[in-house]
Amino acid sequence: MEHLSDPPPVASQSDRSPAGLGNGPLSPLTLGLVACSGIGPLLWTATYLLEGATRPGYDASQQPISALSLGPGGWVQQANFVVFGVLTLLSAFGWYRVLRPGRACIGFPLFQGISGLSLIGAGVFSLDPNPGYPPGAVLTAPTVHGTLHVVFAYIVILALAGGCFVFARRFAREPRWRGWAAYSVITGVLILVFFWLFLNSASTGLPGGLVERLSAEAHSLWSFLLTAALLFRKRPGAETTKQEGVG
């Protein structure tokens, strides 16, 4: 009598370990899309710092970044929002390709997409005149476009912080990236804390423009360093391919 061997057990999805973050070779398309999340913060920061330092009557320590979209030359900051948003949106597709399969492969690209679309919205709809800028501006009742700008700004901050927290969960499961888990959580907390201080700067006496910039730059630094670490990290797959080519 013929005996049939039992079929091998099928591993469940939870038993399969996802490919390590950045362990395999990345296509030029994926590299380009992910690089957008490092290029975007650099362009964004350089533009608003230069505008803030050269705009007559603008006090960078007190005025919000969004106030740069008002007055003469305001189109530069509006374009800065839109370009940053487009680059962030494009990076979402790259991060999806890098993170799948595994944790954050949906969550982080989703937060990046929300941030990108909201940044574009913040560029299209300008902030209402802010106390002290533009010089001689008369404060009026909130307008529709000003209210939309504020709503988009809130969404951007929450989405950027949320992306850090989601990525921290993925980092915690990656032995080679575990140190980034704590850094990601700290960054998410700093984004929210500094933004809260910015919202309450009038009552606390803190320089509102400065603490808002600390909130923005906490994320910009994290995003730039993360992108650089991924793009320039030595990958086992790439090293193996190189050795095979030499042999």
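The model shown is predicted, which means the values in this text are computed figures rather than measured ones. (Residues numbered from 1 in each chain as written. Predicted model: local features only at pLDDT ≥ 70, side-chain atom pairs only at ≥ 80, totals over all residues. Heavy atoms only, no water.)

This part covers the overall build of the protein. When helices and strands are counted, the protein shows eight helices and zero strands. Helices and strands appear in the protein in the N-to-C order α-α-α-α-α-α-α-α. Within the span of the protein, comprising 247 residues, buried residues form 42% of the whole. Residue pairs at least 24 apart in sequence account for 75% of intrachain contacts in the protein once pairs closer than 6 positions are excluded. Here the protein has roughly 13,100 Å² of accessible surface; of this, 70% comes from carbon and sulfur atoms. (Helix = DSSP H or I, 4+ residues; strand = E, 2+ residues; numbered from the N terminus. Buried < 20%, exposed > 50% of the residue type's maximum accessible area, 1.4 Å probe, protein only. Contact = heavy atoms within 4.5 Å. Areas by Shrake-Rupley, 256 points an atom, 1.4 Å probe, with all protein chains shown as cover.)

Moving on: the packing of aromatic side chains. Overall, the coordinates contain 17 aromatic pairs when judged by the stated rule. Considering the side-chain rings of Phe171 and Trp177, the 5.8 Å spacing of their centres and the 20° angle between planes classify their relative orientation as stacked. Among the aromatic residues, ring-to-ring pairing joins Trp95, Phe108, Phe167, Phe171, Trp177, Trp180, Tyr183 and Trp222 into one connected group. (Phe/Tyr/Trp six-rings, centres within 6.5 Å; stacked < 30°, edge-to-face > 60°.)

Below, the discussion takes up the side chain of Asn130. Structurally, Asn130 is set in the loop between α3 (107-124) and α4 (144-172). For Asn130, the side chain forms a polar contact with the side chain of Gln63, separated by 2.7 Å. Each residue touching Asn130, except ones within four places of it in the same chain, is listed here: Gln63, Pro64, Ala67, Leu70 and Leu139. (Polar contact = N/O pair within 3.5 Å; in protein donor to acceptor, adjacent residues only side chain to side chain.)

Here we come to the pattern of salt bridges. This structure, assessed with the given rule, holds two salt bridges. Across the salt bridge formed by Glu51 and Arg55, the nearest N and O atoms sit 2.5 Å from each other. Accessibility expressed as a relative area gives 14% for Glu51, which makes it buried. For Glu174, the salt bridge identified is with Arg170, shortest N-O distance 3.0 Å. (Salt bridge = Lys/Arg side-chain N within 4 Å of Asp/Glu carboxyl O.)

Attention now moves to the packing of helix α5 (residues 179-199) against helix α7 (residues 208-232). With their axes 7 Å apart at the nearest point, α5 and α7 run at an angle of 160° to one another. Compared by their axis directions, α5 and α7 come out roughly antiparallel. The way α5 lies across α7 gives a crossing that is left-handed. Contacts from Trp180, Tyr183, Ser184, Thr187, Leu190, Ile191, Phe194, Phe195, Leu197 and Phe198 of α5 reach α7 at Gly208, Val211, Glu212, Leu214, Ser215, Ala218, His219, Leu221, Trp222, Leu225, Leu226 and Ala229. Its residues placed into classes, the contact of α5 with α7 shows 16 nonpolar, five polar and one charged. (Axes fitted to C-alpha atoms, helices over the stretch in contact; angles between N-to-C directions. Parallel < 35°, antiparallel > 145°, perpendicular 65-115°, else oblique. Left-handed = near helix turned anticlockwise from the far one by under 90°. Nonpolar A, V, L, I, M, F, W, Y, C, P; charged D, E, K, R; others polar.)

Further remarks concern unusual backbone geometry. Looking along the chain, the bond that leaves Arg100 and enters Pro101 is cis, with omega of -10°. With respect to the helices and strands, Pro101 occurs in the loop between α2 (74-99) and α3.

Here we take up the nonpolar core. Grouped together as the largest cluster of nonpolar side chains are 41 residues, with contacts concentrated most on Trp95, Phe167, Phe171, Trp222 and Leu226. For this core, the secondary structure elements donating two or more residues are α1 (28-54), α2, α3, α4, α5 and α7. Of all the elements, α4 adds the most residues to this core, at eight residues. (Core = buried A, V, L, I, M, F, W, Y, C linked by side-chain atoms within 4.5 Å.)

Moving on, we come to the environment of Gly121. Locating Gly121 in the fold gives a position in helix α3. Residue class for Gly121 comes out buried when judged on its relative accessible area of 9%. In sequence terms Gly121 and Val150 are 29 residues apart; their C-alpha atoms lie 10.0 Å from each other.

Our focus in this paragraph is the packing of α4 against α5. Their axes nearest at 7 Å, the elements α4 and α5 cross at an angle of 165°. Of the possible angle classes, the one that applies to α4 and α5 is roughly antiparallel. In the crossing of α4 with α5, the sense of the turn from one axis to the other is left-handed. Listed contacts from α5 to Tyr154, Ile157, Leu158, Leu160, Ala161, Cys164, Phe165, Ala168, Phe171 and Ala172 of α4 are Trp180, Ala181, Ser184, Val185, Thr187, Gly188, Val189, Ile191, Leu192, Phe195 and Leu199.

Overall, the predicted model of the protein reaches an average pLDDT of 85, with 85% of residues at or above 70. When the criterion is pLDDT under 50, residues 1-19 qualifies, and its contacts beyond four places in sequence or with other chains add up to six contacts. The model gives residues 237-247 a pLDDT under 50, and that stretch makes three contacts with residues more than four places away or in other chains. (pLDDT = per-residue confidence, 0-100.)

So, about the side chain of Gln77. Take Gln77: it is sitting in helix α2. What makes Gln77 buried here is its relative accessible area of 0%. If we ignore the near neighbours within four places in the chain, the residues touching Gln77 are Trp44, Tyr48, Ile65, Leu68 and Ser69.

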